[in-house]
Amino acid sequence: MNENDELRIKKLLQQALPPVEGDPEPGRDLWPAVLRRLDDRPSALPWFDWALVAGLVAFAAFFPASIPVFFYYL
């Protein structure tokens, strides 16, 4: 790559990604909203989580050699 190519790529990137105008920070603190949203979520696990656990237990019962593989990926 020569210098002309580098300058051309730099110019194209500057055109494609204009600089951010103004203050890039949010106008308010978002952390209280995140905490409120986490508190609003139900603490119970959905049915598909239980189905996944049951499937893994059934798979481990039929293929016991897979148990070390499960522990490895945990």
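Structure: above.
In short, a report on the structure. As the structure is a computational prediction, the values presented were derived from the model and not from experiment. (Residues numbered from 1 in each chain as written. Predicted model: local features only at pLDDT ≥ 70, side-chain atom pairs only at ≥ 80, totals over all residues. Heavy atoms only, no water.)

Another point: the overall build of the protein chain. Scanning the protein chain from terminus to terminus reveals four helices and zero strands. Moving toward the C terminus, one meets the helices and strands of the protein chain in the order α-α-α-α. In terms of C-alpha radius of gyration, the protein chain reaches 26 Å, well past the compact-globule figure of 11 Å for 74 residues. Structurally, the protein chain occupies a C-alpha span of about 65 × 45 × 20 Å along its principal axes. Residues classed as buried in the protein chain amount to 3% of the 74 residues present. For the protein chain, the exposed area adds up to about 7500 Å²; of that, 65% sits on carbon and sulfur atoms. Charge-centre separation for the protein chain: the mean point of 7 positive side chains lies 5 Å from the mean point of 10 negative side chains. (Helix = DSSP H or I, 4+ residues; strand = E, 2+ residues; numbered from the N terminus. Rg over C-alpha atoms; globule rule 2.2 N^0.38 Å. Buried < 20%, exposed > 50% of the residue type's maximum accessible area, 1.4 Å probe, protein only. Areas by Shrake-Rupley, 256 points an atom, 1.4 Å probe, with all protein chains shown as cover. Lys, Arg positive; Asp, Glu negative; His and termini not counted. Charge placed at Lys NZ, Arg CZ, Asp CG, Glu CD.)

Counted according to the given criterion, the structure contains four aromatic pairs. On the numbers, 5.8 Å between centres and 85 degrees between planes, the contact of Trp47 with Phe48 is edge-to-face. On the basis of relative accessible area, Trp47 is assigned to the exposed category, the value being 68%. The class of Phe48 is partly exposed, set by a relative accessible area of 47%. With 4.9 Å between their ring centres and 45 degrees between their planes, Phe59 and Phe63 make a pair best called tilted. Taking the relative accessible area as the measure of exposure, Phe63 reaches 47% and is therefore partly exposed. Connected via pairs of aromatic rings, a cluster forms that spans Phe59, Phe63 and Phe70. (Phe/Tyr/Trp six-rings, centres within 6.5 Å; stacked < 30°, edge-to-face > 60°.)

Spatial relationships are all this shows, so hold off on functional conclusions.
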